[in-house]
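# Observations on the three-dimensional arrangement
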Amino acid sequence: MTQNTSTEAPTAMADQRARSIYDLGPSTIYASRSDPRFSYCTYVPEHIGKPGARPMQLVVVMHGTGRGFVNYREAFSGFAKWNDCIVLCPLFPAGVRGDGNRDGFKHLIEADIHYDRILLDMVAEVGEKFGCDFSQFALFGYSGGGQFAHRFAMLHPERLWAVSIGAPGSVTLIDPEQGWWVGTKDFAGRFGKPMNLEALRRVPVHMIAGKADIETWEITHREGGKYYMPGANDAGRTRPERLETLRRSFEAAGVKVTFDLLDNVPHNGLACVGHVQDFFADALHALREPRAA
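Residues numbered from 1 in each chain as written. Predicted model: local features only at pLDDT ≥ 70, side-chain atom pairs only at ≥ 80, totals over all residues. Heavy atoms only, no water.

Under the criterion given, the structure shown has 17 aromatic pairs. Centre to centre, the rings of Tyr 72 and Phe 140 are 6.2 Å apart; their planes meet at 80°, and the pair counts as edge-to-face. Pair noted here: Tyr 72 is in helix H2 (residues 69-83) and Phe 140 is in strand S8 (residues 137-142), with a separation of 68 residues, a long-range link. One aromatic cluster is present, built from ring pairs that chain together Phe 38, Phe 92, Phe 105, Tyr 115, Phe 137, Phe 148 and Phe 152. Positioned above the aromatic ring of Tyr 30 is the side chain of Lys 129, whose terminal nitrogen or guanidinium carbon lies 3.6 Å from the ring centre. Geometry around Phe 259 places Arg 247 over its ring, the cationic atom sitting 4.3 Å from the centre. (Phe/Tyr/Trp six-rings, centres within 6.5 Å; stacked < 30°, edge-to-face > 60°. Helix = DSSP H or I, 4+ residues; strand = E, 2+ residues; numbered from the N terminus. Lys NZ or Arg CZ within 6 Å of the ring centre and 35° of its normal.)

This part is about the pattern of salt bridges. If you walk through the whole model with that rule in mind, you get 16 salt bridges. Here Glu 218 and Arg 239 are joined by a salt bridge, their closest N and O atoms 3.5 Å apart. With Glu 218 in the loop between strand S10 (205-210) and helix H7 (239-252) and Arg 239 in helix H7, the pair connects residues that are 21 residues apart, well separated along the chain. With relative accessibility at 42%, the residue Glu 218 sits in the partly exposed group. A salt bridge links Glu 244 to Arg 248, with the nearest nitrogen and oxygen atoms 3.5 Å apart. Placement of both Glu 244 and Arg 248 in helix H7 is noted, with a separation of four residues, approximately one turn of the helix. Shared partners join several salt bridges into a network, and the residues in it are Arg 33, Asp 121 and Glu 128. (Salt bridge = Lys/Arg side-chain N within 4 Å of Asp/Glu carboxyl O. Buried < 20%, exposed > 50% of the residue type's maximum accessible area, 1.4 Å probe, protein only.)

The subject of this paragraph is the nonpolar core. Ranked by internal contacts, the top residues of the largest apolar core, which has 90 residues, are Phe 76, Ile 86, Phe 92, Leu 139, Phe 148, Phe 250 and Phe 280. No other element matches helix H3 (residues 115-130), which puts eight residues into this core. What Phe 250 contacts, discounting residues up to four positions off in sequence, is Met 154, Ile 174, Leu 200, Val 205, Met 207, Val 255 and Val 257. (Core = buried A, V, L, I, M, F, W, Y, C linked by side-chain atoms within 4.5 Å. Contact = heavy atoms within 4.5 Å.)

In the sheet, S10 pairs with strand S11 (residues 257-262) via six bridges, with the strands oriented parallel. Residue Met 207 lies in a different strand from S11, and its bridge partner there is Phe 259. Each parallel crossover has a hand, and the one from S10 via H7 to S11 is right-handed. (Pairing = 2+ DSSP bridges. Right-handed = clockwise from strand over helix to strand, strands pointing away.)

Keep in mind these values describe shape, not function.
Here you go:
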């Protein structure tokens, strides 16, 4: 009995020490349990679970084509600490199928890979790990992440308490007359569920871009390109123009949008983070204090 106790105490101490180093605060990078080709990191406030602490909410930040997921984790760490949130930053590597494709995750499905399902399992994994209810979460994505974010919101609005869509290079309009990805024709056939506009109308939606985000070399679709289709460039020439078209599409469907165009800001997601956090803070207050809101 004495021997077991003496063994268990150091083991528990080691487990606690490892948790404080690798799980609390800025975490190490973990492979997803559902598909180890994909991974994630988190920021978890160290006061989680302490007496008097509020239940944690979840903020998911989706990287763009450059995969700067750790940079976004660092940018949201202060917000997480002071607002009692866990931050989850997935990594969906480029060329995961061996073909060098940088863009597959932006469209939610790439061959047999369903990126929305992978993200939802990461959310469940983190919720189970820390004993949190993440049946709803906030989602921010910029650039390629903005493409992912607005399409995810169309597909799973019931899972979101807020979404912020940053400077997507291509947009999917709520338009059942145009084929996917330009519009939402055959949405149910593609994703196995119809679009739930009533649920989307209940989600606080934010759209943001810089006024100086005017380069078009990366976002102009040309015939023969991977994702070229009729209407691919019709939403506008620049990212701000395309985001404005997306806003009009959402609002025509009855979805209220908070829209920010930032002066003197080029294509720079980290320059937009402060405005995104302000939006999330307001949505978080409404979530936690519905009567006051």
